[in-house]
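Commentary on secondary and tertiary structure
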Amino acid sequence: MTRMMTGRARTTAARVAAPIGATAALLGTLTGCSTAAEAEVPVDASYRDGTYQANGTYESPNGSENIIVLIELENDIVTDVEITTNPNNPTTANYQGQFASGIGDLVIGEDIDQLDVTVVAGSSLTSNGFREAIAAIKADAVES
Amino acid sequence: MSSSTLLEPTAFEAIGAPWRIGVGGAATPTSSLGAPLSADDRAAVLARIEQFDRDWSRFRDDSLVARIAREPGSWSLPADAEPLLDLYERLHAATDARLSPLVGASLDRLGYDAAYRLLPAGDPLPAPRWQDSLALRRTPAGLVLDTAAPVLLDVGAAGKGYLVDLVGELLVQRGLPDTVVDASGDVRVRGERSIRVALENPFDPAKALGVVELRDQALCASATTRRAWGDGLHHIIDAITGRPVDAVVATWVVADSALVADGVATAMFLADPARLCAVFAVEWVRLLADGRLEASAGLRGELFA
């Protein structure tokens, strides 16, 4: 099921829970953190359920900007992704806000299930890159 | 998929995306892509895609593109290269060099590399200038690419759309003139039938922002929410700055070929639609970062937003 990983940003407050030890590193490759991963990750590639958080920075035309990324894992499945922005610059704040609050709030459209269409053109069927990224992040957490 | 659909189209994964191919004529219901390919036709399609990937993929080290990235030289390009590189030349000119096949190193720098590192390796890297890096020679034996230094090509802006065209052409040659080829966001219908294509809300895949009717045409979608690996990090790069673009969130372009539709869908992030429409025969829709939805007047279909 890929629909849960479409990256639709949400505005709900982040729930950061246990497991404490592994939290910071899981998203290291995504956000630029270099914290070492918890060594307790079992060999059968089972990750403990919970919400994993990482802080990251990136360079924008306005200078260095901050984001916080949360991934929720349940039975080894990413069930939620949230990106919280922490901009240093009003222009960036404007753009980040538009992305993080979801343009879907402004431009919603109609239920595809209710339309008589042959093909859907968009992102839901092209999530392989994202799935591969998640796989890479998990592999990194195991190897570290 | 509707429960009344009797035949499921052919489906497979290739070049990092799910594909579906259906065979059907004017009597095929709108909700159906059509009937599956025969085993022979399916095998021929997969072989054609494999050949394209072996030539053009930036993600495998045995590809022609990987060899061009390792050493300079005079490279004999495959027979399918000319329409693709011709389109790139036109898009490069129409976007004032913002769309370029030379963004491979820029994407690598941002983390979108063959290893899916997904970690920026430094400041954004502007793409090398076309005239400093590449020269194309038309010879009796075909197109030859001369490079003075290793260059990392990326045909991501139009390559998948072009491959949709090539697969459809192959099926015409094999006696199947009525097909729909859908490579996840790049779709082309051939023959007598019309199809309806939903324009997916890039932030909510259960919602459509519009529906477009296609007949003997292609529609290609592009969105910064696809293949994004961090806030502000995605695969649509301005070659001048080496940075991902941020003013446009998603584009959809209708053209006679998926090659042109895909390339112009990328260019719509980087240039004014009016300027692109002066060069290319296309209809288009754009979703801007401020939430506005724009479309060309001649678009056949409807928008819901």
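Values in this document were obtained by computation on a predicted structure and should not be read as measured data.

1. Some remarks on the overall build of chain A
- A tally of helices and strands in chain A yields 3 helices and 5 strands.
- Counting from the amino terminus, chain A carries its helices and strands in the arrangement α-β-β-β-α-β-β-α.
- A burial count over chain A gives 41% of its 144 residues as buried.
- Relative to all contacts within chain A whose residues are 6 or more apart in sequence, the contacts with residues 24 or more apart total 56%.
- Carbon and sulfur atoms provide 51% of the accessible area of chain A, an area that totals close to 7,300 Å².

2. Notes on the sheet that holds strand β1 (residues 10-14) of chain B
Residues and elements named next belong to chain B.
- Read across the open sheet, the 8 strands follow the order β1-β2-β6-β7-β10-β13-β14-β15; overall the sheet is antiparallel. This sheet does not close on itself; its edge strands, each paired only once, are β1 and β15 (293-295). Strand-to-strand twist across the sheet, computed as the mean angle between neighbouring axes with direction ignored, equals 10°.
- Relative to strand β7 (residues 186-189), helix α6 (residues 159-173) is tilted by about 30°, and along the sheet it contacts β2 (17-23), β6 (179-182) and β7.

3. A short note on the pairing of strand β4 (residues 134-139) of chain B
Residue and element names in this part refer to chain B.
- Pairing geometry for β4 and strand β5 (residues 142-147), over 6 bridges, is antiparallel. Opposite Arg137, over in β5, you have Val144 as the bridge partner.
- Once β4 ends, the chain turns through 2 residues before running back antiparallel as β5.

4. Some points on α6 of chain B
Residues and elements named next belong to chain B.
- In this model α6 runs 21 Å from its N-terminal to its C-terminal C-alpha over 15 residues, within 8% of the 21 Å that 1.5 Å per residue would give.
- Those residues of α6 lying buried are Gly159, Lys160, Gly161, Tyr162, Leu163, Val164, Asp165, Leu166, Val167, Gly168, Leu170 and Leu171.
- Tucked inside the fold, the buried residues of α6 contact β2, α1 (39-56), α3 (81-94), β6, β7 and α7 (258-267).
- Following α6 by one or two positions, Gly175 adopts a phi angle in the positive range, close to 90°.

5. Looking at the side chain of Ser63 of chain B
Residues and elements named next belong to chain B.
- Here Ser63 lies in the loop between α1 and α2 (64-70).
- Judged by relative accessible area, Ser63 falls into the buried class, the value being 0%.
- Among the polar contacts listed, one links the side chain of Ser63 to the backbone nitrogen of Ala66, at a separation of 3.0 Å.
- Beyond its immediate sequence surroundings of up to four residues, Ser63 is in contact with Asp53, Arg54, Asp55 and Ser57.

6. Structural notes on the packing of α3 of chain B against α7 of chain B
All names here are of chain B.
- As a packed pair, α3 and α7 sit with axes 11 Å apart at the nearest point and diverge in direction by 30°. Considered as vectors, α3 and α7 are oriented roughly parallel to each other. Taken as a pair, α3 and α7 cross one another with a handedness that is right-handed. Side by side, α3 and α7 meet where Pro83, Leu84, Leu87 and Leu91 of the first sit next to Leu259, Val260, Gly263, Val264 and Ala267 of the second.
- Counted by class, the contact of α3 with α7 contains 8 nonpolar, 1 polar and no charged residues.

7. A word on the packing of α6 of chain B against α7 of chain B
Residue and element names in this part refer to chain B.
- At their nearest, the axes of α6 and α7 sit 7 Å apart, and the two run at 170° to each other. The orientation of α6 with respect to α7, classified from their angle, is roughly antiparallel. Judged by residue contacts, Gly159, Lys160, Gly161, Tyr162, Val164 and Asp165 of α6 engage Ala258, Leu259 and Asp262 from α7.
- Residues that form the contact of α6 with α7 fall into these classes: 4 nonpolar, 2 polar and 3 charged.

8. Brief notes about unusual backbone geometry
Residue and element names in this part refer to chain B.
- A positive phi angle, close to 40°, is found at Ile15, a residue other than glycine.
- The topology assignment puts Ile15 in the loop between β1 and β2.
- The class of Ile15 is partly exposed, set by a relative accessible area of 29%.

9. Quick notes on the pattern of salt bridges
Residue and element names in this part refer to chain B.
- Counted under the stated rule, the structure contains 22 salt bridges over all chains.
- Measuring nitrogen to oxygen at the nearest pair gives 2.8 Å for the salt bridge that ties Arg60 to Asp62.
- A salt bridge links Arg275 to Asp96, with the nearest nitrogen and oxygen atoms 2.9 Å apart. In this pair, Arg275 is assigned in helix α8 (residues 273-279) and Asp96 in the loop between α3 and α4 (104-110), connecting sequence segments 179 residues apart.
- A relative accessible area of 36% places Arg275 in the partly exposed class.

About the thresholds
- Residues numbered from 1 in each chain as written.
- Chains lettered and ligands numbered in written order.
- Predicted model: local features only at pLDDT ≥ 70, side-chain atom pairs only at ≥ 80, totals over all residues.
- Heavy atoms only, no water.
- Helix = DSSP H or I, 4+ residues; strand = E, 2+ residues; numbered from the N terminus.
- Buried < 20%, exposed > 50% of the residue type's maximum accessible area, 1.4 Å probe, protein only.
- Contact = heavy atoms within 4.5 Å.
- Areas by Shrake-Rupley, 256 points an atom, 1.4 Å probe, with all protein chains shown as cover.
- Pairing = 2+ DSSP bridges.
- Axes fitted to C-alpha atoms, helices over the stretch in contact; angles between N-to-C directions.
- Expected span 1.5 Å × (residues − 1).
- Polar contact = N/O pair within 3.5 Å; in protein donor to acceptor, adjacent residues only side chain to side chain.
- Parallel < 35°, antiparallel > 145°, perpendicular 65-115°, else oblique.
- Left-handed = near helix turned anticlockwise from the far one by under 90°.
- Nonpolar A, V, L, I, M, F, W, Y, C, P; charged D, E, K, R; others polar.
- Salt bridge = Lys/Arg side-chain N within 4 Å of Asp/Glu carboxyl O.

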